[in-house]
Amino acid sequence: MQFDIAKDILKGFSLPTQPSIISSIRNVAPNLELMANIIEQDPGLSAAVLKVTNSPVFALPVKVTSITNAMSLLGIEGITSILNAAAYKRVVGGFSPSEELSAFWHQTTIAAVAISAVVRQLNIKSSIVTVDEAYCLGLFHHCGIPILFKKHPDYFDTLLSADHKPHEQVTDIENRAFKTNHAVLGYYIMKSWNLPKVLCEVTRLHHNRQALENLDKLDEQEAILLSALKIAEYIVDESTDLSCDKIHSEWQDHGTAITYFFGISEPDLNELRDIVLDAVEEHNIKSY
């Protein structure tokens, strides 16, 4: 689908508005004390920050017990990523409680843990990509799905029953059925929330064949995050958990290009899989 056409189609959707607390926090940045004071006024967001900070995502050596401490360790961008993710779930979570969306929220969290582990394990320079950026991308890259589900309650059934073609992406099926797709919706949602440009772009491209086959032609940050996301999705078998298991696996089409980009072999990938799955298991244990 052409991007300009998709932009016009989005006029029929009600995109979620970023809560005012996020802009309030941004207005007092970089004063960590004032930012912490604002966050602490919201018990839900405070709990979300501490939970994620102490999760396997960041693998901190000590337990963080205060927002101020969390901010000093993760920095403004790291904390903002966590707050945006928690706020988005709060805003969108009330749309329509359902088994399908419960699976969605669970899987996006798993994807965030997985991509964070991939970035950390591959020792990617923090000056290029940070763990908190990877975590935020994992949580947001499918943020358009609940919006599609809100407008089209048969969304998940449509994916399962679609007469899809070989090598067809989920976005192709969405474009046919709904005249737009979750990658485009996600891009506009993230852009309206002032998330980093690189995260918006990777979300827009994460099912794009040309981008996945020509990673070396992308911006370095975009290429690294897109490749790390696809490895994470492959390892945790995201398509199955999101009820899209009938769709041809992207990994079969693009896996070779992705592993070549990172310069990792099949044994390297197997080792990485074990590490990522251990991180996911640890997260699941700590979540209960």
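As the structure is a prediction and not an experimental result, all values here were calculated from the model. (Residues numbered from 1 in each chain as written. Predicted model: local features only at pLDDT ≥ 70, side-chain atom pairs only at ≥ 80, totals over all residues. Heavy atoms only, no water.)

### Some words on the pattern of salt bridges
What the rule picks out here adds up to 4 salt bridges. For Lys230, the salt bridge identified is with Glu250, shortest N-O distance 2.5 Å. With Lys230 in helix 14 (residues 220–236) and Glu250 in helix 16 (residues 250–262), this pair connects stretches of sequence that are 20 residues apart. By the burial criterion, Lys230 is buried, and Glu250 matches it. When salt bridges that share partners are traced, they join Lys230, Glu233 and Glu250 into one network. (Salt bridge = Lys/Arg side-chain N within 4 Å of Asp/Glu carboxyl O. Helix = DSSP H or I, 4+ residues; strand = E, 2+ residues; numbered from the N terminus. Buried < 20%, exposed > 50% of the residue type's maximum accessible area, 1.4 Å probe, protein only.)

### Looking at the packing of helix 8 (residues 144–151) against helix 11 (residues 182–192)
Where helix 8 meets helix 11, the closest approach of the two axes is 8 Å, and the angle between their N-to-C directions is 110°. It follows that helix 8 is roughly perpendicular to helix 11 by the angle criterion. Judged by the twist between their axes, the crossing of helix 8 over helix 11 is right-handed. Contacts from Gly144, Ile145, Ile147 and Leu148 of helix 8 reach helix 11 at His182, Leu185, Gly186 and Ile189. A per-class count over the contact of helix 8 with helix 11 returns 5 nonpolar, 3 polar and no charged. (Axes fitted to C-alpha atoms, helices over the stretch in contact; angles between N-to-C directions. Parallel < 35°, antiparallel > 145°, perpendicular 65-115°, else oblique. Left-handed = near helix turned anticlockwise from the far one by under 90°. Contact = heavy atoms within 4.5 Å. Nonpolar A, V, L, I, M, F, W, Y, C, P; charged D, E, K, R; others polar.)

### Focus on unusual backbone geometry
In this chain, Ala29 is followed by Pro30 through a cis amide linkage whose omega measures 10°. Inspection of the secondary structure puts Pro30 in the loop between helix 2 (20–28) and helix 3 (32–40). For Asn123, which is not glycine, the phi dihedral falls at a positive 55°. Position of Asn123 relative to the elements: it lies in the loop between helix 6 (99–121) and helix 7 (131–140). Assessed through its relative accessible area of 66%, Asn123 is described here as exposed. In the Ramachandran plot, Lys179 falls in the positive-phi region, its phi being about 65° despite a non-glycine side chain. With respect to the helices and strands, Lys179 occurs in the loop between helix 10 (170–178) and helix 11.

### Observations regarding the environment of Ser66
Note that Ser66 resides in the loop between helix 4 (43–53) and helix 5 (67–93). You can call Ser66 partly exposed: its relative accessible area is 28%. Ser66 sits 30 residues away from Ala36 along the chain, and the two C-alpha atoms are 9.0 Å apart.

### A closer look at helix 2
Buried within helix 2 are the following residues: Ile21, Ile22 and Ile25. Down the axis, helix 2 shows its buried residues gathered within 105° of arc, on one side only. Across from the buried face of helix 2, at angles greater than 90 degrees, the exposed residues are Ser20 and Asn27. (Arc of directions from axis to C-beta.)

### Quick look at the packing of aromatic side chains
Enumeration over the complete set of coordinates arrives at 9 aromatic pairs. Pairing Phe140 with Trp193 gives two aromatic rings, centres 6.2 Å apart and planes at 65°, and the pair type is edge-to-face. Of this pair, Phe140 sits in helix 7 while Trp193 sits in the loop between helix 11 and helix 12 (197–205), placing them 53 residues apart in sequence. Given the relative accessible area of 0%, Trp193 is considered buried. (Phe/Tyr/Trp six-rings, centres within 6.5 Å; stacked < 30°, edge-to-face > 60°.)

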